[in-house]
Structures are given as C-alpha cells and as structure tokens.
Amino acid sequence: MSVKNRNHKSIYIYIIFCIICCFIIDVIIYLYLNQWLIIKISIACLINLLYIIIFLLSNKTKIIKRIIIILTTINISIIPIISLINDYSFKNSTNYGWEKYSKYPVLGNIKTGSFFDPHVIKVRNEYYMYFSDRKNWSIALSKSFDWINRSSPILVLSSSGDNNREKIINRACVIYKDNKFLMRYTWQFDGKSSIWYAESIDGINFTKFDSNPIMVPELDFEQKSIMNPNVIYDRDNNKFKMYYAAWEQFEPDCIWYAESFDGINRNKMSTPILEKAHNLDSYDYYKVWATDVHKMRNWKYIMFYIWYTDIHTWRIMFAISDDGIHREKDKEYIIASSKFWFDGNSVYKPSVLFNEKENKWLLWYNGRLVDREYIWLAECSNCIFNEIIFTKK
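Residues numbered from 1 in each chain as written. Predicted model: local features only at pLDDT ≥ 70, side-chain atom pairs only at ≥ 80, totals over all residues. Heavy atoms only, no water.

**Here we look at the sheet that holds strand 3 (residues 126-133)**
Across the sheet, four strands lie side by side as 2-3-4-5; this open sheet has antiparallel pairing. With partners counted over all chains shown, the strands left at the sheet margins are strand 2 (115-123) and strand 5 (154-157), one partner each. The average angle at which neighbouring strand axes cross in this sheet is 35°, direction not considered. One ladder, built from seven bridges, connects strand 2 with strand 3; its direction is antiparallel. Residue pairing for strand 3: F116 is matched across the bridge by S132. (Pairing = 2+ DSSP bridges. Helix = DSSP H or I, 4+ residues; strand = E, 2+ residues; numbered from the N terminus. Axes fitted to C-alpha atoms, helices over the stretch in contact; angles between N-to-C directions.)

**Section: the pattern of salt bridges**
For the structure on display, the rule yields 15 salt bridges. Between R134 and E373 there is a salt bridge, with its nearest N and O atoms 2.2 Å apart. Of this pair, R134 sits in the loop between strand 3 and strand 4 (138-144) while E373 is found in strand 21 (residues 372-380), placing the two residues 239 residues apart along the sequence. Owing to a relative accessible area of 25%, R134 belongs among the partly exposed residues under this scheme. Of the charged contacts, one joins K177 and D178 as a salt bridge, the two residues approaching to 2.7 Å between their closest N and O atoms. (Salt bridge = Lys/Arg side-chain N within 4 Å of Asp/Glu carboxyl O. Buried < 20%, exposed > 50% of the residue type's maximum accessible area, 1.4 Å probe, protein only.)

**Quick look at the nonpolar core**
With 29 residues, the main nonpolar core has W98, F304, W361 and L363 as its most contacted residues. Every element with two or more residues in this core is listed here: strand 15 (287-295), strand 16 (301-310), strand 17 (313-321), strand 19 (346-355), strand 20 (360-369) and strand 21. Membership of the second largest hydrophobic core comes to 18 residues, among which are V123, V156, W187 and F206. (Core = buried A, V, L, I, M, F, W, Y, C linked by side-chain atoms within 4.5 Å.)

**A closer look at the packing of aromatic side chains**
In this structure the tally under the stated criterion is 20 aromatic pairs. Each ring, one from Y130 and one from F206, has its centre 6.0 Å from the other, and the planes form 80°; the classification is edge-to-face. With Y130 in strand 3 and F206 in strand 9 (residues 206-208), the pair connects residues that are 76 residues apart, well separated along the chain. For the pair Y130 and F206, one class covers both residues: buried. Relative to Y257, the ring of Y243 lies with its centre 5.1 Å away and its plane at 50°, an arrangement referred to as tilted. Of the two residues, Y243 is situated in strand 11 (residues 239-247) and Y257 in strand 12 (residues 254-260); the sequence distance between them amounts to 14 residues. (Phe/Tyr/Trp six-rings, centres within 6.5 Å; stacked < 30°, edge-to-face > 60°.)

**With respect to unusual backbone geometry**
Along the chain, N212 connects to P213 via a cis peptide bond; the corresponding omega equals 0°. Of note, P213 is situated in the loop between strand 9 and strand 10 (225-234). The phi angle at D117 is positive, at roughly 50°, despite the residue not being glycine. In this structure, D117 sits in strand 2. According to the relative accessible area criterion, D117 is buried, its value standing at 1%. Unusually for a residue other than glycine, W137 sits at a positive phi of about 50°.

This is the structure:
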C-alpha cells in the first residue's frame, strides 16, 4: 500500500472515530446532564460529515489535514459558543427581580420520568411538595427543610390500581388546617375531569372522601372538564376559596372561582374570573389557567397563573386583586422558558411561598422540553410588586 493511500486511510479512520466520539459524548450530555444541546449535536454531526465529504473530494493530503484542523477547531468551539447562548437565554428569561435558582431541575430526571404540577406548603419548619408522577399516574410527595435538598419521592395517592391514561389522578392542592392535610385533586376518565377530595393526619397516608367527586362540570362554560384546584382558607371570613381551571380537557382555557364554608359543598360563580383574550394580538389570546393565589397581610390577593401565546408557548404571570376575584392582569411575564435548557419549551403551573425569615419569594414550576417535565425553582428577594402587596391599607 502506498504512503498516500495509508495517509488517506488513517485520516478516514480518524474521521469515523471523531464522529463516534462526538455522538457518544453528546448523548451522554443530553441524557444525564439535563442540558438541551440538540442544536450542538446537530451542528457537530454536520461538521463531522464535512470531514468525510472533503476527504472524498480532495486528492491533496496536506490540504485535507489543514481543513480538518480548521474544522476540528470550529467543532471544539461550538461547546463554549452554545454555553454562552445558554447563559444569555437563562439570564433573560425572568422579569421583576425573579431569578431561576439553577439551570437544572430541583426534582425529576430521566430515570424518574416526568414530575410535574407541584404544590408546596410549609408545615412547621418543613416544606411538603406534592406533585404529579406521570410514570405512576399518581400524586407523590417529597419533603425538605431547606426547600432545595429534598427527600426521595413517595406515592401518597393513586388511582386505585387503574394505571392508564383513561383513569388517572394528578394536579393536587393541599392545605394544612386543624392538624389535618386536606387535599383536592384532579381525577380524569373517559375524556372528562372532575375534582376529588382526600384527608390525612400525617400528610402521607390519605383517605379518599366517600362521596367523591366534590365538584363536576355543570356550567356551560365549564364544558366537560374542571381541574387544577387551588384552595386557600380565608380566616377573616371562615371560607374555603377555590380557584380552578375549566373548559378543554387537554389544556383548560379559563379560571373559575367557588366558595365553601365546609370545604366540600361549594357555590360557584356563573362566569370565569379570568379568561383568554379575544383579541388576536393579545399576549394571552390562546389560554389562561393554573393558579396559585395568596391573601396578603394587607388584605390584597396576589395570583400567579400561566398564559399561552400558542399551544407551545406558556409563561408565568401575576395579577393583584383587592377581593380575590376582580383583578387587573399584568402584561409582562415573571418566568419564561430558557432556550437550550430543559425548560426550553414551556414553563407553567406555579406554586409560590413567601419565606418571611429571608424576605424571599420561592416559586416552584414545571419546566418542559419535548415530553420531559421536571420541577424547577425560581427566587425573588426584591420583587417589584412587594411595595403593593406589603403596603398596609
């Protein structure tokens, strides 16, 4: 074999080796480091493909070597370039003083499957995070003393062994009252959704209410589905106040309100308190839903919710109200997705607490990329709306 042919063969082997190594490394990064580098993978593969094309079209070994050196340098440079893009996107995906805690989820990974729709409460000095476990179609719990480092998830409520897409439970809301954990959750079957109820003494072992469901779609605007309950107990007038989503089964379209003195029997409002805009140019033209409402010490209410620009673009918003019903929407999001990361498609379903000791808001939310949903955390120490909601009347 001539020296020229040997050189060509060695270069060809080198090219194949580069492609295989690049593919293996990129797959590992994508699957286990929770970084969305699909664009980097694609570009790297295209550049490596150019190696082969240049090799096949060129007859001059020196030129091939020089071009390979140049392309290899470009390929290596892709990682820091994409990293810079990631950092820019990550830092510019929040408003009003909010900051994402990390570029990685606080709960969920490829091994656990999708964890979504968190609801966090603080009981004594411990944070209880209830969330939906898609792999088991159940409600799970993870606890923490510092709101970041969490215990291993455990299932606390399942759909009685019916583990299929036609009969599932998810989207729970839990409040702690009179030494009991009171849970409202969504039950889905046969293209319909309703709201069910369960109680627990320890926050782990829940007993379902015998007369479930406690709420079903009845009004015209509710269509076939009501879901995603968010309940607060207003001690000023001894009422349970529920905010819930309704209309479409896949993703609801509007937010409704109901009141109750016993937490079971409720009086619904006849119209939504928040619905999508009817103006095609509006930022929330497509849908609004998924609330987390808090009554502040100055009697003002703050609602965190999500709006859709389209079925793939969801962002977290806030609105302030004097009565918990009538509110004025803000036109800027507080949390948006960060391109190239695992919340790169959408962010939604906020659960918010105020840490008075550190004067800090904590917001847990869903971050989704393609079909993977994990739970993320954002923080805000100097939020722009603090002056409004903490100012006494």
